[in-house]
Amino acid sequence: DINQFFSERVLRPDPHSDRDIYGTVDRAIMLGAQAQLSNSWGIYVEYDLTMKFANTTIDSNYPGLQGAEESLDLTEHSFVVGGMYMLYSGQFYRLRANGGIGALIALTSETESPSGASRNASATGYQFNFDVLNDFRVMDRLSFTLDLLARTIATGTLKTSDGTSIDKPFGKRTTPLSIAP
């Protein structure tokens, strides 16, 4: 799980350390389109851009890391196509289910100071989506949606150019993380 990885790697570099300054920024953009081919079914296409940025300054006496700054940035691009089924359709409201499969690419950049250590990693994989959507019609051919249920599963392992996965020790840290993203 990428959120646990961020928590262990950047926000809490060592379970015994203390953070003085830290920050996280999450951004996600989803662009989607659908074509209703009959009264009850259709197709959809979706592009997702997810960005996560985190950094922390360590304020502890952990050997060699006091005052060190760690940062980890993640960018994911995915493109998914699939089917759409209308569960309920009324004049102003529709309830629909989407399911699809697509491709995913993820890129990370990680740095640690004062050691000067840095590394980049990338992964490619598949993404599987399942959504149940509330679709509110504003006018003919114009609506907005709110996700009632969204589930996404992505495959792929983030690895550096030499084939090392990013849960391995890095910089001054000599112990691996408890989870591999």
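Residues numbered from 1 in each chain as written. Predicted model: local features only at pLDDT ≥ 70, side-chain atom pairs only at ≥ 80, totals over all residues. Heavy atoms only, no water.

Draft legend 1. Geometry of the pairing of strand 4 (residues 93-112). When strand 3 (residues 69-89) meets strand 4, the two strands line up antiparallel, connected through 19 bridges. Within the sheet, the bridge partner assigned to methionine 84 lies in strand 4 and is asparagine 98. Connecting strand 3 to the next strand, strand 4, in antiparallel fashion are 3 residues. Summarising the sheet, strand 4 and strand 5 (residues 117-139) pair through 20 bridges and their orientation is antiparallel. The partner of glutamate 112 across the bridge, within strand 5, is alanine 117. (Pairing = 2+ DSSP bridges. Helix = DSSP H or I, 4+ residues; strand = E, 2+ residues; numbered from the N terminus.)

Draft legend 2. Representation of the side chain of aspartate 135. Looking at the secondary structure, you find aspartate 135 in strand 5. Excluding residues within four positions of it along the chain, aspartate 135 makes contact with Gln34, Phe92, Tyr93, Arg94, Arg96, Ser143, Phe144 and Thr145. (Contact = heavy atoms within 4.5 Å.)

Draft legend 3. Expanded view of the packing of aromatic side chains. For the coordinates displayed, the defined rule picks out 2 aromatic pairs. Ring plane angle 35° and centroid distance 6.1 Å describe the contact between tyrosine 88 and tyrosine 93, whose orientation is recorded as tilted. With relative accessibility at 47%, the residue tyrosine 88 sits in the partly exposed group. Centre to centre, the rings of tyrosine 93 and phenylalanine 136 are 5.4 Å apart; their planes meet at 50°, and the pair counts as tilted. Of this pair, tyrosine 93 sits in strand 4 while phenylalanine 136 sits in strand 5, and the two are 43 residues apart along the sequence. A relative accessible area of 26% means that tyrosine 93 is categorised as partly exposed. Taken together, the aromatic side chains of Tyr88, Tyr93 and Phe136 make up a single cluster linked through ring pairs. (Phe/Tyr/Trp six-rings, centres within 6.5 Å; stacked < 30°, edge-to-face > 60°. Buried < 20%, exposed > 50% of the residue type's maximum accessible area, 1.4 Å probe, protein only.)

Draft legend 4. Representation of the pattern of salt bridges in the model. With the rule as written, the count across this model stands at 3 salt bridges. The residue arginine 96 makes a salt bridge to aspartate 135 at a minimum N-O spacing of 3.1 Å. With arginine 96 in strand 4 and aspartate 135 in strand 5, this pair connects stretches of sequence that are 39 residues apart. Taking the relative accessible area as the measure of exposure, arginine 96 reaches 7% and is therefore buried. On the basis of relative accessible area, aspartate 135 is assigned to the buried category, the value being 0%. Taking the shortest distance from any N to any O, the salt bridge between glutamate 110 and arginine 119 comes out at 3.0 Å. When its relative accessible area of 3% is taken as the criterion, glutamate 110 is described as buried. For arginine 119, a relative accessible area of 13% corresponds to the buried category. Sharing partners across several salt bridges, the network here consists of Arg94, Arg96 and Asp135. (Salt bridge = Lys/Arg side-chain N within 4 Å of Asp/Glu carboxyl O.)

Just distances and angles here, no functional claims.
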